[in-house]
Amino acid sequence: MHTRDCYVSAPGKAILHGEHAVVHGKVALAVSLNLRTYLRLQSTSNGKVCINLPNIDTFLSWEITALQPLLDGCRDCLAKHVVLKQELDDDLLKRLRAFTGIADASTDTRSMAVLAFLYMYLSVFGEAKSLASITVSVWSELPTGAGLGSSAAYNVCLAAGLLSARGITSSPLTPQQDSARWSKEEMEQINRWAFMGEKIIHGNPSGVDNAVGTWGCFLRYHDGKITPLDRVPVLRILLTNTKVPRSTKVLVSGVKDKINKFPAVMKPVLESVDAVSCTCEQTLTEMSARGPSAEHYNILEELIDINQHHLNVMGVGHSSLDTLCKISLARGLHSKLTGAGGGGCGITLLRPETDASVIQSTVAELQACGFDCWETSIGGPGAQKYKKWSLPKQVLKCC
Ligand SMILES: Nc1ncnc2c1ncn2[C@@H]1O[C@H](COP(=O)(O)OP(=O)(O)O)[C@@H](O)[C@H]1O
Ligand SMILES: C[C@@](O)(CCOP(=O)(O)O)CC(=O)O
Ligand SMILES: [Mg+2]
């Protein structure tokens, strides 16, 4: 079948407050980063589906004729899925696991990326008369598995690229535009499909990461409801990657076990995280309305400390994150983990008056611990489609 070549990208995210609690119906505040994942989809005529994932050193291909039997008896349910896309098709997932030999309990990086890709590819193209011969390349500026939403950016790119190539979403680019975004309805569709991919990689995602990857900017997320926060001040954030590997799926399931084991102990903790998110949101709104004051920053810093303690209580802390908090606090700076924790990344709030020398010495000490550390800009655009020549050169080289 005929497909359209396309180039798309989606941003990573930082969660300010509400990670883990958001999985259990509490409020989270999250913001997009200036680090992005890019996807290139090319139509081919070799009768194969190829995937190039240089970040995780994975280059694979399958004959379309080998994949086709996985869809036998599945077409009717896929037709419904293409329209609704709310639930994973367990039968298709089971067939894919048997086909690839990927076990239910696997959290292996490559296996999860391949499973999410094949599931989305077969669901998007399975309803057509024949599967499409394509090569998909994905390359990211985000560290993989570090709490900055690389899985969501990956899934948003897969959803946007495959839906676009199949012609389910329109081509939003006019001849005058180098990049463009889709209509609200199409973005909602991309977000729903990306959520399916997150379910495959995470097990039980809240949906906050794919929402930020799709819509970008600063969002409040509560029980599937996405509210863009327009009135927020410019915040300066230092990001630290402890480089300690961890899996979101494992950490999310550990928190669930703890809640089941000690409901009376853990539920108040989740309530308190919810209150932290709401208080932070109120403070940000006030800062934007009246102008930021030192007292506002004191409140933001206290909320960061409180939340970091709560995350430790949930069992998602790590000694590397304790080191980050200690080193930054020695200079009056406040940090917490971001994303699933257990290693990965932390955020440090910088006050407007924080001296450059303080930041430099903090960064130097964190780097001496083997961490990566950089000041990031936040609030980048959500999923976008590009013309080939408007992509950064580095991206064209990598995918
Ligand atoms: N650029 C990428 N290429 C291929 N797979 C990716 C990429 N980025 C993320 N992934 C997939 O997402 C998984 C990481 O997801 P997760 O554990 O949620 O961490 P995070 O989303 O915080 O980076 C990886 O194991 C891999 O399967
Ligand atoms: C822990 C959680 O709140 C965020 C996970 O983010 P990340 O995959 O670690 O980037 C899980 C979720 O919201 O689905
Ligand atoms: Mg993730």
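Whatever comes next refers back to the structure up there.
Residues numbered from 1 in each chain as written. Chains lettered and ligands numbered in written order. Predicted model: local features only at pLDDT ≥ 70, side-chain atom pairs only at ≥ 80, totals over all residues. Heavy atoms only, no water.

Caption draft 1: Structural view of the overall build of the protein chain. A tally of regular secondary structure across the protein chain gives 13 helices and 13 strands. Classification of the 399 residues of the protein chain by burial places 56% in the buried group. If you take every contact in the protein chain between residues at least 6 apart in sequence, the share linking residues at least 24 apart comes to 76%. Within the structure as shown, the protein chain displays about 16200 Å² of accessible surface, and the carbon and sulfur contribution to it stands at 53%. (Helix = DSSP H or I, 4+ residues; strand = E, 2+ residues; numbered from the N terminus. Buried < 20%, exposed > 50% of the residue type's maximum accessible area, 1.4 Å probe, protein only. Contact = heavy atoms within 4.5 Å. Areas by Shrake-Rupley, 256 points an atom, 1.4 Å probe, with all protein chains shown as cover.)

Caption draft 2: How the structure looks around the coordination of the magnesium ion (ligand 3). Distances from the magnesium ion (ligand 3) to its protein donors, S151 (OG) and H202 (NE2), fall at 2.1 to 2.4 Å. A residue pair is termed long-range when its members are at least 10 positions apart, and S151 in helix α5 (residues 150-166) and H202 in helix α6 (residues 184-202) qualify at 51 residues. One exposure class covers both S151 and H202, and it is buried. (Donors = N, O, S within 2.8 Å, 3.2 Å for Na, K, Ca; no water.)

Caption draft 3: Seen up close, the environment of I327. Here I327 lies in helix α11 (residues 319-329). A relative accessible area of 7% places I327 in the buried class. Linking I327 and N46, residues 281 residues apart in sequence, is a C-alpha distance of 55 Å.

Caption draft 4: Up close: unusual backbone geometry. Positive phi outside glycine occurs at H20, with the angle close to 70 degrees. Mapped onto the elements of the fold, H20 is located in the loop between β1 (6-17) and β2 (28-43). If you check the backbone angles, C217 has positive phi at about 65 degrees while not being a glycine. Mapping C217 onto the fold places it in the loop between α7 (208-215) and β7 (218-222). Note on C217: relative accessible area 38%, which makes it partly exposed.

Caption draft 5: Geometry of the site of ligand 2. The immediate surroundings of ligand 2 are formed by 19 residues, with K13, G149, S206, R246 and T248 found nearest. Separating an oxygen atom of ligand 2 from a side-chain N or O atom of K13 is a distance of 2.7 Å. With respect to ligand 2, the side chain of T248 contributes an N or O atom lying 2.9 Å from an oxygen atom. Protein chains shield 98% of the accessible area of ligand 2, which is 380 Å² for the free molecule. With respect to the pocket detection grid, ligand 2 is positioned in the largest pocket. Here the residues of the shell around ligand 2 are counted per class, giving 8 nonpolar, 7 polar and 4 charged. Composition of the shell around ligand 2 by domain shows at least three residues from each of domain 1 (6-227 + 380-398) and domain 2 (232-376). (Near = heavy atom within 4 Å. Polar contact = N/O pair within 3.5 Å; in protein donor to acceptor, adjacent residues only side chain to side chain. 1 Å grid on protein atoms, 1.4 Å probe; cavity = no way out; pocket = protein on both sides within 12 Å on 5 of 7 lines; lining within 4 Å. Sits in = over half its atoms within 2 Å of the grid points. Nonpolar A, V, L, I, M, F, W, Y, C, P; charged D, E, K, R; others polar. Domains from an automatic or database assignment.)

Caption draft 6: Expanded view of helix α8 (residues 248-261). The first and last C-alpha atoms of α8 sit 20 Å apart over 14 residues, in line with the 20 Å expected at 1.5 Å per residue. Among the structural elements, α6 and α9 (263-290) are those in contact with the buried residues of α8. Measuring from the side-chain oxygen of the N-cap residue of α8 to the backbone nitrogen of K249 gives 3.3 Å; that N-cap residue is S247. (Expected span 1.5 Å × (residues − 1).)

Caption draft 7: Highlighting the site of ligand 1. Close contacts around ligand 1 come from 20 residues, with T109, G145, G147, S150 and H202 the closest. At 3.3 Å, a side-chain N or O of N55 approaches a nitrogen atom of ligand 1. Measuring from an oxygen atom of ligand 1, one finds a backbone N or O atom of G145 at 2.8 Å. Secondary-structure elements contributing two or more residues to the shell around ligand 1 are α4 (109-125), α5 and α6. Each residue belonging to the shell around ligand 1 can be placed in one class, and the counts come to 8 nonpolar, 11 polar and 1 charged.

Caption draft 8: Layout of the pattern of salt bridges. Enumeration according to the criterion identifies 15 salt bridges in this entry. Here E281 makes a salt bridge to R220, at a shortest N to O gap of 2.6 Å. Taken together, the residues E281 in helix α9 and R220 in strand β7 connect sequence positions 61 residues apart. Ionic pairing is found between R290 and E286, a salt bridge with its closest N-O pair at 3.9 Å. Remark: E286 and R290 occur in helix α9; sequence separation between them is 4 residues, near one turn of the helix. Relative accessible area serves as the criterion here: at 68%, R290 is assigned to the exposed category. (Salt bridge = Lys/Arg side-chain N within 4 Å of Asp/Glu carboxyl O.)

Caption draft 9: Geometry of the layout of surface pockets. Its boundaries defined by the atoms lining it, the largest pocket holds a volume of some 790 Å³. Every residue lining the largest pocket is counted, 43 residues in all, and those nearest its centre are G145, S150, S151, I201 and H202. Contributions of two or more residues to the lining of the largest pocket are made by β1, α4, β5 (134-140), α5, α6, α7 and α8. The two domains that each donate at least three residues to the lining of the largest pocket are domain 1 (6-227 + 380-398) and domain 2 (232-376). In this structure, the second largest pocket is lined by 10 residues; those nearest its centre are N191, R192, F195, Y221 and G224. (Points joined across faces, edges and corners; volume = space filled by probe spheres on them.)

Caption draft 10: Here's a closer look at the packing of α4 against α6. Where α4 contacts α6, the two axes come as close as 9 Å, and the packing angle between them is 145 degrees. The two elements α4 and α6 cross, and the hand of that crossing is right-handed. Taking contact as the criterion, the partners of M112, L115, A116, Y119, M120, S123 and V124 in α4 are, on α6, W193, A194, G197, I200 and I201. Of the residues contributing to the contact of α4 with α6, the split by class is 10 nonpolar, 2 polar and no charged. (Axes fitted to C-alpha atoms, helices over the stretch in contact; angles between N-to-C directions. Left-handed = near helix turned anticlockwise from the far one by under 90°.)

Caption draft 11: Spotlight on the sheet that holds strand β10 (residues 334-337). Across the sheet, 4 strands lie side by side as β10-β11-β9-β12; this open sheet has antiparallel pairing. What marks the edges here is a single partner per strand, and that holds for β10 and β12 (372-376). The sheet shows a mean angle of 25 degrees between the axes of neighbouring strands, direction not considered. Strand direction decides the pairing type here: β10 and strand β11 (residues 345-350), joined by 4 bridges, are antiparallel. Residue H334 lies in a different strand from β11, and its bridge partner there is L349. Docked against the sheet, helix α10 (residues 294-313) engages β10 and β11, running at close to 35 degrees with respect to β10. (Pairing = 2+ DSSP bridges.)

Note that all results are geometric; they support no functional claim without further evidence.
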